[in-house]
Amino acid sequence: RPVAGAGLAHLVLNLVDAPDPKFFRVEVVQAAVDFLAEHTAVGPVLVHCNQGLSRAPSLVLAYVGRRLWKLAHYDKAKALFTENHYRVFRPGPGIDGFLQERWMEIA
């Protein structure tokens with residue numbers, strides 16, 4: 001849920017890098033995509049997790065791949081994102097499987 005204060009907005013997600021796709025929810029990823037869409041229109045947005053390899057870049061990929069590039073195939077979006085934007089992207093098996101399975105449910 002966004003928290004506003006002093007001209008700043010924050011979205012804090014309790015998103016564990018679980019090894020199984022069933023632990024991820026479309027609603028959580030959609031909240032991140034919506035937040036990024038709203039706030040990148042105003043300026044830069046920092047998206048982070050502990051190592052910057054899996055969760056945070058996966059959320060950015062969901063935003064860029066579905067909202068900006070409007071790609072229907074996760075594998076294509078993942079390849080473009082990794083090759084052209086974030087070469088160290090290493091999604092964990094849970095979030096990777098989740099995005100593979102539920103990609104078209106993210107708008």
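This report concerns the structure included in the present document. Since the structure is predicted, the reported quantities are computational estimates derived from the model, not experimental observations. (Residues numbered from 1 in each chain as written. Predicted model: local features only at pLDDT ≥ 70, side-chain atom pairs only at ≥ 80, totals over all residues. Heavy atoms only, no water.)

**Digging into the packing of aromatic side chains**
And step 1. Enumeration according to the criterion identifies four aromatic pairs in this entry.
And step 2. On the basis of an interplanar angle of 55° and a centroid distance of 5.3 Å, the ring pair of Tyr74 and Trp103 is categorised as tilted. A residue pair is termed long-range when its members are at least 10 positions apart, and Tyr74 in helix 3 (residues 74-84) and Trp103 in the segment after helix 4 (93-102) qualify at 29 residues.
And step 3. Tyr74 sits in the buried class, given a relative accessible area of 3%.
And step 4. Here Trp103 falls in the buried class, since its relative accessible area comes to 2%.
And step 5. Between Phe81 and Tyr86, the aromatic rings sit 6.2 Å apart at their centres with planes inclined by 35°, giving tilted as the arrangement.
And step 6. Taking relative accessible area as the criterion, Phe81 reaches 6% and is therefore assigned buried. (Phe/Tyr/Trp six-rings, centres within 6.5 Å; stacked < 30°, edge-to-face > 60°. Helix = DSSP H or I, 4+ residues; strand = E, 2+ residues; numbered from the N terminus. Buried < 20%, exposed > 50% of the residue type's maximum accessible area, 1.4 Å probe, protein only.)

**Observations regarding the nonpolar core**
And step 1. Ranked by size, the top nonpolar core spans 23 residues in total, and within it Val29, Leu61 and Leu99 carry the most contacts.
And step 2. Only helix 1 (26-40), helix 2 (55-68), helix 3 and helix 4 provide two or more residues apiece to this core.
And step 3. Setting aside chain neighbours within four positions, we find Val29 in contact with Leu59, Ala62, Phe98 and Ile106. (Core = buried A, V, L, I, M, F, W, Y, C linked by side-chain atoms within 4.5 Å. Contact = heavy atoms within 4.5 Å.)

**Quick notes on unusual backbone geometry**
And step 1. The phi torsion at Lys70 lies on the positive side, around 55°, for a residue other than glycine.
And step 2. Here Lys70 shows up in the loop between helix 2 and helix 3.

**Considerations on the pattern of salt bridges**
And step 1. The full count for this structure, using the stated rule, is three salt bridges.
And step 2. Residue Lys78 is joined to Asp96 by a salt bridge in which the shortest nitrogen-to-oxygen separation is 3.1 Å. Remark: Asp96 occurs in helix 4 and Lys78 occurs in helix 3; sequence separation between them is 18 residues. (Salt bridge = Lys/Arg side-chain N within 4 Å of Asp/Glu carboxyl O.)

**Digging into helix 3**
And step 1. Those residues of helix 3 lying buried are Tyr74, Ala77, Phe81 and Thr82. Looking straight down helix 3, one finds its buried side chains confined to an arc of 120°; they lie on one side.
And step 2. Looking at the packing, one finds that the buried side of helix 3 touches helix 2 and helix 4. (Arc of directions from axis to C-beta.)

**Considerations on the packing of helix 1 against helix 2**
And step 1. At their nearest, the axes of helix 1 and helix 2 sit 9 Å apart, and the two run at 70° to each other. On the basis of the axis angle, helix 1 is roughly perpendicular to helix 2. Contacts between helix 1 and helix 2 pair Val29, Gln30, Ala32, Val33, Asp34, Leu36, Ala37 and Thr40 from the former with Leu59, Val60, Ala62, Tyr63 and Arg67 from the latter.
And step 2. Among the residues forming the contact of helix 1 with helix 2, the class breakdown is nine nonpolar, two polar and two charged. (Axes fitted to C-alpha atoms, helices over the stretch in contact; angles between N-to-C directions. Parallel < 35°, antiparallel > 145°, perpendicular 65-115°, else oblique. Nonpolar A, V, L, I, M, F, W, Y, C, P; charged D, E, K, R; others polar.)

**As for the environment of His73**
And step 1. Tracing the chain through its elements places His73 in the loop between helix 2 and helix 3.
And step 2. Assessed through its relative accessible area of 58%, His73 is described here as exposed.
And step 3. As for His73 and Leu15, which are separated by 58 residues in sequence, their C-alpha atoms are 23 Å apart.

So, to be careful, I would describe these as geometric facts and stop short of saying anything about function.
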